[in-house]
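So the chains spell out like this:
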Amino acid sequence: MPDSVWAVSGADSANSVHIDEVDLAILVELSRDARLANNVLAQRVGLAPSTCLGRVKMLRTRGVIEGYEAKINEKLLGVTVNAMISVIVAPQARDRMLPAAKALAALTPVRDVFVLGGTPDLLIRVATRSIDELRTFVASHLGSNRAFSSTQTNIIFEHLR
């Protein structure tokens, strides 16, 4: 069985899809390299190319594979500062937490927004060209927002995966 966080499962809830060992192997290989040519993928998982292509199409149709993403080298584009920002939402603003998170997700420097259970309420990953740009982002979009009672910014030195 491939080394994976996913497991072969039966459809035990309305939101799960049954996959077998071969589907799991396909998912593991595509998670490592989404641009893998079908014939190479087929060889790695022990299928004929036509069978492999059919399985990948079925995984897409069933919603298991939602899409493919490009990994961008942001340093080459001048992005030199990455940070994780923890946000605590003010008690009186709890009903506005999800709309506020969605608004933050739409901002250019924001790469990810996580709505959490526990403290903090939100975790935001941002990428900027400088510390000054990061400071401006925090002041303009977080510090001045009365829905947020506090923030904590942590600079990312290395992203290993």
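Coordinates for the structure precede this section.
What comes next concerns the included structure. (Residues numbered from 1 in each chain as written. Predicted model: local features only at pLDDT ≥ 70, side-chain atom pairs only at ≥ 80, totals over all residues. Heavy atoms only, no water.)

## A look at the overall build of the chain
To keep things clear, this is the line we draw: A run of H or I in DSSP counts as a helix once it spans at least four residues, and a run of E counts as a strand once it spans at least two, with each numbered from the N terminus. A simple rule labels every residue: compare its accessible area, found with a 1.4 Å probe on the protein chains alone, to the largest value its type can have, and call it buried under 20%, exposed over 50%, or partly exposed in between. We call two residues in contact when some of their heavy atoms are within 4.5 Å.
Secondary structure assignment for the chain yields 5 helices and 4 strands. Reading the helices (α) and strands (β) of the chain from amino to carboxyl end gives α-α-α-β-α-β-β-α-β. C-alpha extents for the chain along the principal axes are approximately 55 × 40 × 25 Å. Counting over 161 residues, the chain shows a buried share of 30%. For the chain, contacts bridging at least 24 residues in sequence account for 57% of all contacts bridging at least 6.

## Focus: the packing of helix α1 (residues 21-32) against helix α2 (residues 38-45)
The criterion, for reference: As a rule, the C-alpha atoms of each element are fitted with a line to give its axis, helices using only the stretch in contact, and angles between N-to-C directions run from 0 to 180 degrees. Angle categories are assigned with fixed cut-offs, so that under 35 degrees is roughly parallel, over 145 is roughly antiparallel, 65 to 115 is roughly perpendicular, and the rest are oblique. By convention the crossing between two helices is left-handed if the near helix lies anticlockwise of the far one by an angle smaller than a right angle, and right-handed if it lies clockwise.
With their axes 10 Å apart at the nearest point, α1 and α2 run at an angle of 130° to one another. As the angle between them shows, α1 and α2 are arranged oblique. The way α1 lies across α2 gives a crossing that is right-handed. In this structure, α1 contributes A25, I26, E29 and L30 to the contact, and α2 contributes L41, R44 and V45.

That's the geometry; what it means functionally is another story.
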